[in-house]
Amino acid sequence: QVQLVESGGGLVQAGGSLRLSCAASGRTFSSYAMGWFRQAPGKEREFVVAITRGGGNTYYADSVKGRFTISRDNAKNTVYLQMNSLKPEDTAVYYCAARRDYGLDPRQYEYDYWGQGTQVTVSS
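On a predicted model such as this, the values are computed, not experimentally measured, just so you know.

> Would you mind going over the nonpolar core in detail, with residue names and values included?
In terms of nonpolar packing, the biggest core is built from 36 residues, with Leu4, Met34, Trp36, Phe68, Leu81, Met83 and Tyr94 touching the most fellow members. Looking at this core, the elements that each hand over two or more residues are β3 (18-24), β4 (33-39), β5 (46-51), β7 (68-73), β8 (78-83), β9 (92-99) and β11 (118-123). When neighbours within four sequence positions are excluded, leucine 4 is seen to be in contact with Cys22, Ala23, Ala24, Met34, Cys96, Ala97, Ala98, Tyr113, Trp114, Gly115 and Gln116.

> So, the side chain of glutamate 6: which residues are in play, and what are the values?
Checked against the element boundaries, glutamate 6 lands in strand β1 (residues 4-7). No salt bridge is formed by the buried glutamate 6, whose closest oppositely charged neighbour, arginine 45, lies at an N-O distance of 7.7 Å. From its side chain, glutamate 6 meets the backbone nitrogen of cysteine 96 in a polar contact 2.8 Å long. A polar atom in the side chain of glutamate 6 sits 3.0 Å from the backbone nitrogen of glutamine 116.

> So what's going on with the pairing of β9? Residues and values would help.
Within β9, seven of the eight residues are buried, which leaves it mostly tucked inside the rest of the structure. Pairing analysis gives seven bridges linking β4 to β9, with the strands arranged antiparallel. Following the sheet pairing, arginine 38 is matched in β9 by tyrosine 94. Taken together, the three bridges between β9 and β11 define a ladder with antiparallel strand orientation. Paired with valine 93 across the bridge in β11 is glutamine 119. Pairing of β9 with strand β10 (residues 113-114), which is carried by two bridges, proceeds in the antiparallel orientation. By the bridge assignment, alanine 98 is partnered in β10 with tyrosine 113.

> Describe in detail the packing of aromatic side chains, supporting the description with residues and values.
Applying the stated rule across the entire model yields six aromatic pairs. Geometrically, the ring pair formed by phenylalanine 37 and tyrosine 111 is edge-to-face, given 5.1 Å between the ring centres and 80° between the ring planes. Of this pair, phenylalanine 37 sits in strand β4 while tyrosine 111 sits in the loop between β9 and β10, placing them 74 residues apart in sequence. Take tyrosine 111: its relative accessible area is 6%, and that puts it in the buried class. Relative to tryptophan 114, the ring of phenylalanine 37 has its centre 4.9 Å away and its plane inclined at 50°; by these criteria the two rings are tilted. Of the two residues, phenylalanine 37 sits in strand β4 while tryptophan 114 sits in strand β10, which places them 77 residues apart along the sequence. Since its relative accessible area comes to 0%, phenylalanine 37 is described here as buried.

> Lay out the environment of arginine 99 in plain terms, naming residues and giving numbers.
Of note, arginine 99 is situated in strand β9. For arginine 99, a relative accessible area of 4% translates into the label buried. Spatially, the C-alpha atoms of arginine 99 and valine 2 are 9.8 Å apart, while their sequence positions differ by 97 residues. The residues touching arginine 99, leaving out its near neighbours within four places in the chain, are Ser31, Tyr32, Ala33, Leu104, Asp105, Glu110, Tyr111 and Asp112.

Criteria and thresholds
- Counting from 1, residues in each chain are numbered in the order their sequence is written.
- Note on the predicted model: pLDDT of at least 70 is required for a residue's local features to be given, and 80 or more for side-chain atom pairs to be given and counted; whole-chain, interface and lining totals, by contrast, use all residues.
- Processing note: side-chain calculations cover all non-hydrogen atoms of the structure and skip hydrogens and water entirely.
- Among buried residues, those of type Ala, Val, Leu, Ile, Met, Phe, Trp, Tyr and Cys that are joined through side-chain atoms within 4.5 Å constitute a nonpolar core.
- Type-normalised accessible area, obtained with a 1.4 Å probe on protein chains alone, sets the label of each residue: buried when under 20%, exposed when over 50%, and partly exposed for intermediate values.
- To qualify as a helix, a DSSP run of H or I must reach at least 4 residues; to qualify as a strand, a run of E must reach at least 2; elements of each kind are numbered from the N terminus.
- Working rule for contacts: check all heavy atoms of both residues, and any pair within 4.5 Å makes them a contact.
- Counted charges follow a simple rule, with Lys and Arg positive, Asp and Glu negative, and His plus the chain ends left uncounted.
- In the sections that follow, a salt bridge refers to a side-chain nitrogen of Lys or Arg positioned within 4 Å of a carboxyl oxygen of Asp or Glu.
- For this analysis, a polar contact is any N or O atom pair within 3.5 Å, provided that within protein one partner can donate a hydrogen and the other can accept it, and provided that sequence-adjacent residues contribute only side-chain to side-chain pairs.
- By this definition, two strands are paired if DSSP reports at least two bridges between them.
- Each Phe, Tyr or Trp ring, with Trp reduced to its six-membered ring, pairs with another whose centre is within 6.5 Å; inter-plane angles below 30 degrees give stacked pairs, above 60 give edge-to-face pairs, and intermediate values give tilted ones.

In structure tokens:
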């Protein structure tokens, strides 16, 4: 069992930056590939980025490529999402998720555990 808690969301102007964190409970964090997803008002939840267990490989949605960076610190049981050059269309609740596998996967149903989400609002 893994519990995930996101933090770092907030209100930022367009062009600004935020860094989200997702802290995981348990001793097996390094056994999980991690992902970030987001859900904008009135829209379905969508994939943002994924990272492998060791952090050596990542996979980004085209909409955030070049602006967002995922990283993880397995010693701290934490995964991060650095978001730069934010746009109003990035406004959403951001969720981190864990899957007990080594690969990168954008499909939500492949993830076993989810956090409660953190709100990111980008004003124009």
